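# Coordinates in review
The chain contents come next:
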Amino acid sequence: MTLTWPSPAKLNLFLYITGRRADGYHPLQTLFQFLDYGDEITITPRQDNEIRLLTPITGVEHDNNLIVRAARLLQSYSDKHHAGIAHKGADIHINKRLPMGGGLGGGSSNAATVLIALNYHWQTGFTDETLATLGVSLGADVPVFVKGHAAFAEGIGEILHMAEPEEKWYLVAHPGVEISTLRVFTDPELKRDTPIRPLAALLKAPYVNDCESLVRKRFRKVEQLLSWLLEYAPSRLTGTGACVFSEFESEASARKVLNQAPEWLQGFVARGVNNSPLHSFRSGIPVLLNQ
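Residues numbered from 1 in each chain as written. Predicted model: local features only at pLDDT ≥ 70, side-chain atom pairs only at ≥ 80, totals over all residues. Heavy atoms only, no water.

## Topic: the overall build of the protein
A count of helices and strands for the protein gives 10 helices and 10 strands. The C-alpha radius of gyration of the protein comes to 19 Å, within 12% of the 19 Å expected for a compact globule of 291 residues. When its C-alpha atoms are laid out on the principal axes, the protein stretches across 60 × 45 × 35 Å. Across the protein, contacts joining residues at least 24 apart in sequence account for 75% of those joining residues at least 6 apart. Summed over all atoms, the accessible surface of the protein reaches about 13,000 Å², with 52% contributed by carbon and sulfur. Between the mean site of the 28 positive side-chain charges and the mean site of the 30 negative ones, the protein shows a separation of 3 Å. (Helix = DSSP H or I, 4+ residues; strand = E, 2+ residues; numbered from the N terminus. Rg over C-alpha atoms; globule rule 2.2 N^0.38 Å. Contact = heavy atoms within 4.5 Å. Areas by Shrake-Rupley, 256 points an atom, 1.4 Å probe, with all protein chains shown as cover. Lys, Arg positive; Asp, Glu negative; His and termini not counted. Charge placed at Lys NZ, Arg CZ, Asp CG, Glu CD.)

Spelled out as structure tokens, the structure:
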């Protein structure tokens, strides 16, 4: 059976960096929420062990793509734990809408969707907890996409606590540059000393992204974009960028601002959702991603 699965974007509603570990990773506190907007991944099971991504992504080699790596990871894990299950392969297409290096979690979301979808297609029967544990090796953001609910995250993003932030409407905009997460986290001027606070205190305080001031300084187009958006609504960087988002109480107000945006602004309007469209789809709930 061929099925097309949603691979939603995420926003970091706030992001605080609380230190730096000896291995170079950064402990943080962040609040994840999904969007009803993202990529779509179509999967057709194969009667062999071949994993084929049939939609090339510019600049990413086939075997290095997180989609392929996630499929092969599940394949390898199931070989060890379900020796009797054979013929686990797949042809995979992706309708790529999320920008690379945008801070929307596109690659991690793709990996999570593949883990969830192939667990279904191959009938391997692993729990979301097991899939999330597997996903950590692919990226720190993969577990939140696998578990499928808005979450307060600590550690390097893998320690998750379910959360229920308000489901607002967002104008998400891309400045037309790709920002490497590694570049931001290795920058000597990155703020790394925000005190650790309980979630209750963080929810009451104004939301901030510790990466934002640095990214605005290093990338003129991000500075230009945020300066424009801040004239209309509260706006912040998501993740390490490059995307920024403005929050609104209604879809109409978000679209009004998008409609009057300058030509150089690339953006879309979407709603923040606490239940992932991926999990809604798996549960049999029809999912229509925003266009």
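Next comes the rest of the write-up.
## Examining the packing of helix 2 (residues 106-121) against helix 3 (residues 128-135)
As a packed pair, helix 2 and helix 3 sit with axes 10 Å apart at the nearest point and diverge in direction by 135°. If you check the angle between helix 2 and helix 3, you find them oblique. Like other packed secondary-structure pairs, helix 2 and helix 3 cross with a definite hand, here right-handed. Residues Leu115, Ile116 and Asn119 of helix 2 form the contact with helix 3, whose own contacting residues are Asp128, Leu131 and Gly135. Of the residues assigned to the contact of helix 2 with helix 3, the class counts are three nonpolar, two polar and one charged. (Axes fitted to C-alpha atoms, helices over the stretch in contact; angles between N-to-C directions. Parallel < 35°, antiparallel > 145°, perpendicular 65-115°, else oblique. Left-handed = near helix turned anticlockwise from the far one by under 90°. Nonpolar A, V, L, I, M, F, W, Y, C, P; charged D, E, K, R; others polar.)

## Digging into the domain arrangement of the protein
We note that the domain assignment places domain 1 (3-163) and domain 2 (169-273) within the protein. Each of domain 1 and domain 2 was reduced to a C-alpha centroid, and the two centroids are 23 Å apart. On the side of domain 2, 38 residues touch domain 1, which itself brings 26 residues to the contact. Carbon and sulfur atoms make up 62% of the surface buried where domain 1 meets domain 2, a total of about 2,800 Å² over both sides. (Domains from an automatic or database assignment. Buried area = accessible area lost by both parts, 1.4 Å probe.)

## Describing the state of the cysteines
Under the counting rule described, the total for this entry stands at zero disulfides. Cys211 takes part in no disulfide bond, and the closest cysteine sulfur to it belongs to Cys243, at a distance of 14 Å. Using a relative accessible area of 0% as the deciding quantity, one classes Cys211 as buried. Here Cys243 falls in the buried class, since its relative accessible area comes to 1%. (Disulfide = S-S within 2.5 Å. Buried < 20%, exposed > 50% of the residue type's maximum accessible area, 1.4 Å probe, protein only.)

## A short note on the pairing of strand 9 (residues 244-248)
For strand 9, the tally of buried residues reaches five of five residues, placing the bulk of the element in the interior. Of the two faces of strand 9, the one holding Val244, Ser246 and Phe248 and the one holding Phe245 and Glu247 are both buried throughout. As consecutive antiparallel partners, strand 8 (residues 235-237) and strand 9 are separated by six residues, and within that stretch Gly239 has a phi angle of approximately 60°, a positive value. (Pairing = 2+ DSSP bridges.)

## Overview of the nonpolar core
Leu74, Ile92, Leu115, Leu118, Leu131 and Val146 are the most contacted members of the largest nonpolar core, which totals 40 residues. It is helix 2 that provides the largest number of residues to this core, a total of seven residues. In terms of nonpolar packing, the next biggest core, distinct from the first, is built from 31 residues, Val177, Ala242, Ala254 and Leu258 among them. (Core = buried A, V, L, I, M, F, W, Y, C linked by side-chain atoms within 4.5 Å.)

## Focus: helix 3
Taken together, the buried positions of helix 3 are Leu131, Ala132, Leu134 and Gly135. With its buried residues spanning 160° around the axis, helix 3 presents them on a single face. Here the buried face of helix 3 lies against helix 1 (66-81), helix 2 and helix 4 (142-147). (Arc of directions from axis to C-beta.)

## Overview of the pattern of salt bridges
Within the structure shown, the criterion is met by 19 salt bridges. Residue Glu189 is joined to Lys217 by a salt bridge in which the shortest nitrogen-to-oxygen separation is 2.6 Å. Placement of the pair is Glu189 in the loop between helix 5 (181-185) and helix 6 (199-204) and Lys217 in helix 7 (residues 212-218), with a sequence separation of 28 residues. In this structure Glu189 comes out as partly exposed when scored by relative accessible area, which is 47%. Classification of Lys217 by relative accessible area gives exposed; the value is 54%. (Salt bridge = Lys/Arg side-chain N within 4 Å of Asp/Glu carboxyl O.)

## Observations concerning the packing of aromatic side chains
This model, assessed by the stated rule, comprises 10 aromatic pairs. Between Tyr170 and Phe245, the ring centres sit 5.6 Å apart and the planes meet at 85°, which makes this aromatic pair edge-to-face. Residue Tyr170 is found in strand 7 (residues 169-174), and its partner Phe245 is found in strand 9; the two are separated by 75 residues along the sequence. Each member of the pair, Tyr170 as well as Phe245, carries the same accessibility label: buried. Ring centres of Trp228 and Tyr232 lie 4.6 Å apart, and the angle between their planes is 45°; this geometry places the pair in the tilted category. Under the relative-accessibility criterion, Tyr232 is labelled partly exposed at 36%. Three or more aromatic residues joined by ring pairs make a cluster, and in this case those are Phe14, Tyr16, Phe152 and Tyr207. Over the ring of Tyr37 we find Arg97, and its NZ or CZ is 4.3 Å from the ring centre. Here the basic side chain of Arg197 rests over the ring of Tyr16, its NZ or CZ set 4.7 Å away from the ring centre. (Phe/Tyr/Trp six-rings, centres within 6.5 Å; stacked < 30°, edge-to-face > 60°. Lys NZ or Arg CZ within 6 Å of the ring centre and 35° of its normal.)

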